[in-house]
Amino acid sequence: MKIIKNLGLVIFITGLAIWTASIFMGDFTLQQEQLDSFISEKGIKSELVAQKISDNVVGKKLGTFAFTGAVRDALAQNNDYYDAQIAKYDAAKEWDKKGEQYQYRINDKDFQAFSFSLAKKAGTGFIVENKGLMWFLTFGLGILGALMFIFPNLVLLGKPGIKNDHVYHEAATNRGWIAWLVLVYLVLFYLVLYFNADYVVNWTFILDPISNALNGGDASQWFVYGFLYCVIMITMAVRMYIKYRHNKYQIVRTTSVLFFQIVFAFLIPEIMASLGKPGYDFKNAFPLDYDFFFEWNLQSLTESGGLGIFILVWGVVLTLVIVPVMVYFFGKRWYCSWVCGCGGLAETLGDPYRQHSNKSMKAWKLERWLIHSVLVFSLVMTLVTLYCYFTGAEAFLGINSQWIKDTYSFLIGAWFAGVIGTGFYPIFGNRVWCRFGCPLAAYLGFVQRFKSRFRITTNGGQCISCGNCSTYCEQGIDVRAYAQKGENIVRSSCVGCGVCSAVCPRGVLKLENGPEAGRINPTQVLLGNDVDLMDYVNNKEAS
């Protein structure tokens with residue numbers, strides 16, 4: 001079994017290496033008619049930018065970085081020229097001519113999309129001509145190798161039951177060199193995905209056939225991300241099924257997050273796009289779905305007929321009615337641990353790192369400040385956006401609408417949620433984003449803390465203080481401290497993953513949704529000798 005496991009690791013690394021190296025494969029040769037067609041499609045008015053791109057890349061055979069660099073350089077030269085023109089007319093106080101120059105500039109934020117679109121047209125070579133083979137050599141080998149590495153655990157782990165042996169002695173799970181390598185790879189992946197997608201256009205070629213089958217168009221970097229996200233969750237879910245095979249709660253919960261990610265977050269939006277409808281993730285609630293109230297989305301939905309209006313109403317009802325009602329009955333676990341895609345990735349890919357969550361008081365204080373600050377940030381941004389949308393103003397209370405949206409998207413949407421939230425799994429634990437940054441988790445946490453039937457009850461008399469519950473709490477809750485006191489755990493950050501209960505050797509912890517009446521009173525159980533057990537039993541029966 002160990003041979004199969006090691007062979008699987010080799011195959012997985014081979015697939016990953018080919019996937020990474022594919023960035024540098026192939027050539028890009030742009031023809032003049034392709035450039036002319038692109039300029040016409042985009043309605044670009046600057047003849048200078050067309051000339052610069054033509055001079056830099058048309059008819060030449062370039063590699064990935066040379067091609068994207070040449071296109072971006074042409075865009076920068078165009079903007080430099082018109083910036084100089086704007087300055088010249090400004091000095092001469094020729095306002096009309098100054099205003100005319102802006103239409104020829106290319107928005108700096110569009111450089112990546114501009115270069116990416118041209119690269120999609122100009123791609124040639126092995127990857128473009130062998131997409132199926134490249135899929136097998138990357139995704140195929142990666143999946144095969146990962147499963148060969150995971151399945152032997154059915155035998156190697158012995159009898160059913162959670163095994164975390166040697167978790168603090170392995171470089172992969174104890175912040176060793178392997179963990180740091182994984183961190184660097186994940187961070188670089190997100191930096192490229194968010195800010196330099198034109199460098200990884202070859203990845204999109206590999207998935208073009210699947211994208212065409214689902215939505216009728218070629219793959220974008222976001223299609224690659226969505227597909228990769230699902231593949232990783234499915235593969236790592238197999239590991240979860242094996243590790244937690246004795247625990248029905250974990251089996252059902254893992255299946256649930258897989259279902260919602262694959263069907264709701266990936267397939268339905270892609271199919272809707274193929275039908276010319278707005279692609280929408282029906283489970284994605286505001287403010288996690290922070291651009292739901294952006295002008296472009298509101299305009300798109302209101303112009304999409306009945307379905308668009310339904311989505312608009314559904315999004316509001318989901319946030320204001322369904323979310324709090326469900327949290328009242330089931331706690332935030334119904335969303336964070338059963339539905340959310342971020343939570344799903346954290347529970348599958350991030351499970352090997354769940355022991356790294358910081359349980360200190362400082363971390364708890366930082367958590368409360370950060371996550372509630374992000375919630376306030378998102379609400380202020382939305383307020384400004386809606387005010388400007390309905391009044392036509394550009395700012396509210398001195399806050400520019402476009403500026404605050406760009407700032408939130410950059411700092412929270414890209415850096416916090418992606419680069420840090422997932423990239424730092426191997427060092428800070430698997431719920432960095434959910435614990436410190438997710439504004440929806442903060443909203444759910446308020447409801448759970450002050451008005452919810454959900455809590456984890458503890459039988460303090462049975463606790464042996466082994467600390468397993470605290471060690472494997474991904475949200476940094478010192479569960480043992482509650483268990484020792486026999487105190488119910490009602491924390492706004494608890495996502496109800498249930499692993500604390502699963503790893504408890506004495507069955508001390510129990511996740512409950514029932515009414516408070518009749519529950520174990522923690523003080524009575526903790527102070528066993530002080531409790532009149534007959535009174536307790538009689539009261540419980542009476543209730």
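Structure: see above.
Heads up: these notes are all about the structure in this document. (Residues numbered from 1 in each chain as written. Predicted model: local features only at pLDDT ≥ 70, side-chain atom pairs only at ≥ 80, totals over all residues. Heavy atoms only, no water.)

Remarks on empty space enclosed by the protein
Sizing a probe to match a water molecule and rolling it over the atoms shows the empty space that remains.
Here comes step 1: Summed over all chains, the structure comprises 4 cavities of 30 Å³ or more.
Here comes step 2: Size it by volume and the largest cavity reaches roughly 120 Å³.
Here comes step 3: Taken together, 16 residues form the lining of the largest cavity, with I456, C473, C494, C497 and C500 sitting closest to its centre.
Here comes step 4: Its residues assigned to classes, the lining of the largest cavity comprises 12 nonpolar, 3 polar and 1 charged.
Here comes step 5: By volume, the second largest cavity is sized at about 90 Å³. (1 Å grid on protein atoms, 1.4 Å probe; cavity = no way out; pocket = protein on both sides within 12 Å on 5 of 7 lines; lining within 4 Å. Points joined across faces, edges and corners; volume = space filled by probe spheres on them. Nonpolar A, V, L, I, M, F, W, Y, C, P; charged D, E, K, R; others polar.)

Comments concerning the pairing of strand 5 (residues 455-458)
If a strand is regular, its side chains alternate between the two faces of the sheet.
Here comes step 1: Residues R455 and T457 of strand 5 are buried on one face, and the alternating residues I456 and T458, pointing to the opposite face, are buried as well.
Here comes step 2: Of the strand pairs in this sheet, strand 5 and strand 6 (residues 509-512) are connected by 4 bridges, and their pairing is antiparallel. Note that in strand 6 the partner of T458 across the bridge is L509. (Buried < 20%, exposed > 50% of the residue type's maximum accessible area, 1.4 Å probe, protein only. Helix = DSSP H or I, 4+ residues; strand = E, 2+ residues; numbered from the N terminus. Pairing = 2+ DSSP bridges.)

Digging into the environment of W135
Here comes step 1: Residue placement: W135 occurs in helix 8 (residues 131-150).
Here comes step 2: Between the alpha carbons of W135 and G15 there is a distance of 9.6 Å; along the sequence they are 120 residues apart.
Here comes step 3: Not counting residues within four places of it along the chain, the set of residues in contact with W135 comprises G140, I143, I206, L207, I210 and F227. (Contact = heavy atoms within 4.5 Å.)

Some remarks on the state of the cysteines
Here comes step 1: For the structure on display, the rule yields 0 disulfides.
Here comes step 2: The thiol of C463 is not disulfide-bonded; the next cysteine sulfur, from C469, is found 6.3 Å away.
Here comes step 3: Residue classification places C463 among the partly exposed positions, given a relative accessible area of 21%. (Disulfide = S-S within 2.5 Å.)

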